[in-house]
Amino acid sequence: MTDLERRLSRLTPGGARPPVLPTADVSYALHHTPVGTLLLASAGGRVVASSFGDEETMTNRLAQAISPRVLRQPGALDDVRRQLDEYLTGQRKTFELSVDLVLATPFQRLVLNDLPDHTSYGRTTTYGQVAGEIDRPKAARAVGTALGANPLCIVIPCHRVIGASGALTGYAGGLDAKRFLLNLESKS
Amino acid sequence: MVSEKVKLPPFQALVDDHWRDVARLARALAGPVDGDDVAQRAWEKAFAAYPNLTSARNLRSWLLTITTRCATDLHRARKPQTPLDDAPPIAVDGPDAADWPDPDLWQAVKDLPERQRVAVTLKYVGDLDHHGVAAALDTTPAASRRLVSDALATLRTKLGVNHD
């Protein structure tokens, strides 16, 4: 590259701002909580993600499943963030949110859809019991896998499902997060 | 809403990766004040068109092409009777050239014929290859080479620099 070409490549000054864009088909926010950073997303007024997954992976999943017009627009998630914060400080026991399990498979939807009815605040259930509730009594392991893929962590309370032995077994946000949530519910 | 064949990345990734490049190119094409408006318009157009894209390749080049067309639209809107090839040097408003990092060069680029100015800006500010420049200008890579070569020759003469 000649000196003139180098000068051309530095022709304009910086200082511009990122663009301002309309409300996206999928809006998301990264929300920092005591149990870790959650990626929250909504589409068409419904919550589609509350996930411990990383930003790149989750936004790509949302782009493929819903629309590629995915933007970081925290304002669209204000109500979700407020309700989560209230829950995480013991001031809320249920969520008043419309959800859409668009990121879940049909079997995951079967497991997750009615989970709030199969569990209650402050009480745990087991993978086997959930399997029984959905008339798949032998599918405890598959239920565990479906719960592990819950795209709406905390909002759909998969943390309330534990092993038959009482062991916490696993959680997308890590066992410390699961323990925190169960302790929170047992105290409140 | 999503094409079965094209896996487009989330639009936020395009914004994060390329907004600075779009802003720099828009300013270089339309000047310090109109440049920011051109960049904003380019992003709005890209956002509207994005779900219908048939390829996820060369998204940066696609964005810079939209930016170029927005700058050209603005220029034509201000001089509606003038064909692009014969357009006089762009009349940029806003701060004096002395406010820019290389005011002599900025003035010399502004004074280039329109297509040479756009081509040389896409090549060096936009860092596009001649295929990308050609796509943005609806021409061939060979024509892009000529435009850039002619622009460099004019700039060297005007600025009194050697072909080093």
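Structure: see above.
Residues numbered from 1 in each chain as written. Chains lettered and ligands numbered in written order. Predicted model: local features only at pLDDT ≥ 70, side-chain atom pairs only at ≥ 80, totals over all residues. Heavy atoms only, no water.

S.K.: Explain the overall build of chain A to me, using residue names and the numbers behind them.
M.R.: Scanning chain A for helices and strands turns up eight helices and six strands. Listing the helices and strands of chain A from first to last along the sequence gives α-β-β-β-α-β-α-α-α-β-α-α-β-α. In terms of C-alpha radius of gyration, chain A reaches 20 Å, well past the compact-globule figure of 16 Å for 188 residues. Seen along its three principal axes, the alpha-carbon backbone of chain A occupies a region of about 75 × 35 × 30 Å. The proportion of buried residues among the 188 residues of chain A is 49%. The long-range share in chain A, meaning contacts at least 24 apart out of those at least 6 apart in sequence, stands at 60%. In chain A, the 21 positive side-chain charges and the 18 negative ones have mean positions that sit 3 Å from each other. (Helix = DSSP H or I, 4+ residues; strand = E, 2+ residues; numbered from the N terminus. Rg over C-alpha atoms; globule rule 2.2 N^0.38 Å. Buried < 20%, exposed > 50% of the residue type's maximum accessible area, 1.4 Å probe, protein only. Contact = heavy atoms within 4.5 Å. Lys, Arg positive; Asp, Glu negative; His and termini not counted. Charge placed at Lys NZ, Arg CZ, Asp CG, Glu CD.)

S.K.: I'd love a proper account of the pairing of strand β3 (residues 46-51) of chain A, names of residues and values included.
M.R.: Residues and elements named next belong to chain A. Counting buried positions over the six residues of β3 gives five, a clear majority of the element. Bridging between strand β2 (residues 36-43) and β3 involves five bridges; their strand directions are antiparallel. Each bridged residue has a counterpart across the sheet, and for L40 the counterpart in β3 is S50. Taking the residues that link successive antiparallel strands as the turn, the β2-β3 hairpin has two residues, and the phi of G44 there is positive, at about 60 degrees. (Pairing = 2+ DSSP bridges.)

S.K.: With reference to specific residues and values, describe the interface of chain B and chain A.
M.R.: On the chain A side, the residues contacting the 40 residues of chain B number 36 residues. Taken over both partners, the interface formed by chain B and chain A buries close to 3400 Å², and the fraction arising from carbon and sulfur atoms is 66%. Among the residues chain B hides against chain A, the three largest losses belong to Q12, F47 and Y124 of chain B. Together they make up 19% of the total. At the boundary of chain B with chain A, the tally comes to two salt bridges. For R7 of chain A, the salt bridge goes to D102 of chain B, with nearest N and O atoms at 2.8 Å. There are eleven residue pairs in polar contact (both at pLDDT 80 or more) connecting chain B and chain A. Elements that contribute at least two residues to the side of chain B that touches chain A include exactly α1 (11-30), α2 (34-49), α4 (103-110), α5 (114-124) and α7 (141-159) of chain B. Per element, the largest residue contribution to the side of chain B that touches chain A is nine residues, and it comes from α1 of chain B. Of the residues assigned to the side of chain B that touches chain A, the class counts are 28 nonpolar, three polar and nine charged. (Buried area = accessible area lost by both parts, 1.4 Å probe. Salt bridge = Lys/Arg side-chain N within 4 Å of Asp/Glu carboxyl O. Polar contact = N/O pair within 3.5 Å; in protein donor to acceptor, adjacent residues only side chain to side chain. Nonpolar A, V, L, I, M, F, W, Y, C, P; charged D, E, K, R; others polar.)

S.K.: Quick one: what's the story with a negative patch on the surface, residue by residue and with numbers?
M.R.: Judged by side-chain charge, D114, D117, E133 and D135 of chain A come together as a negatively charged surface patch. You can see D114 of chain A is positioned in the loop between α4 (106-113) and α5 (115-118). (Patch = residues over 30% accessible without salt bridge, like charges linked within 9 Å, V, L, I, M, F, W, Y side chains within 5 Å. Areas by Shrake-Rupley, 256 points an atom, 1.4 Å probe, with all protein chains shown as cover.)

S.K.: A description of unusual backbone geometry should follow, citing residues and the corresponding values.
M.R.: A negative phi angle is the norm for most residues apart from glycine, just as the trans form is the norm for most peptide bonds. Of note in the backbone geometry, D135 of chain A takes a positive phi value of approximately 60 degrees without being a glycine. In this structure, D135 of chain A sits in the loop between α6 (127-133) and α7 (140-148). We classify D135 of chain A as exposed; its relative accessible area is 65%. A positive phi is found at N58 of chain B, a non-glycine position, where the angle reads about 55 degrees. Structurally, N58 of chain B can be placed in the loop between α2 and α3 (59-78).

S.K.: Hey, could you go over the pattern of salt bridges for me, with residue numbers and the actual values?
M.R.: All names here are of chain A. According to the stated counting rule, one finds 16 salt bridges over all chains in the structure shown. Here D79 ties to R82 by a salt bridge, and the two come within 2.4 Å at their closest N and O atoms. Remark: R82 and D79 occur in helix α3 (residues 78-88); sequence separation between them is three residues, near one turn of the helix. Classification of R82 by relative accessible area gives partly exposed; the value is 41%. R82 is the salt-bridge partner of E86, the closest N and O atoms lying 3.0 Å from each other. A residue pair is termed a helical-turn pair when its members lie 3 or 4 positions apart in one helix, as E86 and R82 do in helix α3 at four residues.

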